[in-house]
Amino acid sequence: MSQVARGKCFLVEHMETKKILPRDRTRDHHCFCYTFKMNVLSVASVFLVYSFIGWIIDTTKRSIDAKEFKTGSALPVPLCPVYAVGAFIVLGIHHYLPPTMPLVAEGFLYGCVLASLELATGIFFLKVFRRRLWVYKGGVVNIAHFTDLFHLLIWGCLGLFLVHILHPALLHVASRM
């Protein structure tokens, strides 16, 4: 076995299976190094999983608001790729954050990044496709009805959930396959 060090994350590479295994299970939630060692098929699979999870989140919110089933995607398939893009951005940022960073600051950072992605995506669809996919009305610090302070806080909480619970669990399940 050879050891690979990336920042403060130490991993062990198993020579026969070429799988990256954590050296210390207690530090799993601080390691995004897995993703840097994943092959193209693994990255595509994780992208599809996060796109599908995003579709579930968006569809659930829209359906509850409309009191009937409303799909949460502009695509004809149950995927919202912007959620996967956001997940990869947050995981990439998390890799470079110090492990001692307070959760509140970390969540606020993720919220700002994801709210910016939401704003950029909304403006892109409006300018290129002349289509507004969502409207947030009446929120505090509302920016062009694409994002607001409430959604920044929600995105921050989802970012924390992603890096500390969902992604480590997904990697754990994937390592068992």
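Calculation rules
- Residues numbered from 1 in each chain as written.
- Predicted model: local features only at pLDDT ≥ 70, side-chain atom pairs only at ≥ 80, totals over all residues.
- Heavy atoms only, no water.
- Patch = residues over 30% accessible without salt bridge, like charges linked within 9 Å, V, L, I, M, F, W, Y side chains within 5 Å.
- Areas by Shrake-Rupley, 256 points an atom, 1.4 Å probe, with all protein chains shown as cover.
- Salt bridge = Lys/Arg side-chain N within 4 Å of Asp/Glu carboxyl O.
- Helix = DSSP H or I, 4+ residues; strand = E, 2+ residues; numbered from the N terminus.
- Contact = heavy atoms within 4.5 Å.
- Phe/Tyr/Trp six-rings, centres within 6.5 Å; stacked < 30°, edge-to-face > 60°.
- Buried < 20%, exposed > 50% of the residue type's maximum accessible area, 1.4 Å probe, protein only.

Draft legend 1. Highlighting a nonpolar patch on the surface. Where nonpolar side chains cluster on the molecular surface, the patch consists of Val-140, Val-141, Ile-143, Leu-149 and Leu-153 and spans about 430 Å² of accessible area. Here Val-140 lies in the loop between α4 (103-129) and α5 (149-176).

Draft legend 2. Inspection of the environment of Leu-117 at higher detail. Inspection of the secondary structure puts Leu-117 in helix α4. Along the chain, Leu-117 and Val-82 lie 35 residues apart, while their C-alpha atoms are 8.3 Å from each other. Sequence-distant contacts of Leu-117, that is, excluding residues within four places in its chain, are made with Val-82, Val-85, Gly-86 and Ile-89.

Draft legend 3. The packing of aromatic side chains, seen in detail. Per the stated rule, a full pass over the model turns up six aromatic pairs. Taking 6.1 Å as the distance between ring centres and 45° as the angle between the ring planes, the aromatic pair formed by Phe-47 and Phe-88 counts as tilted. Separated by 41 residues along the polypeptide, Phe-47 in helix α2 (residues 40-66) and Phe-88 in helix α3 (residues 81-96) bring together distant segments of the chain.

Draft legend 4. Expanded view of the side chain of Asp-58. Relative to the assigned elements, Asp-58 resides in helix α2. Residues within four places of Asp-58 in sequence aside, it is in contact with Gly-72, Cys-80 and Tyr-83.

Draft legend 5. Structural view of the pattern of salt bridges. For the structure on display, the rule yields two salt bridges. Arg-62 is paired through a salt bridge with Asp-58; the nearest N and O atoms lie 3.0 Å apart. Of the two residues, Arg-62 and Asp-58 both sit in helix α2, four residues apart, roughly one turn of that helix. For Arg-62, a relative accessible area of 26% translates into the label partly exposed. Looking at Asp-58, the relative accessible area reads 16%, which means it is buried. For Asp-65, the salt bridge is made with Lys-61, and the minimal N-O distance between the two is 2.5 Å. In this pair, Asp-65 and Lys-61 are both assigned in helix α2, four residues apart and thus about one turn of the helix distant. Taking relative accessible area as the criterion, Asp-65 reaches 53% and is therefore assigned exposed.

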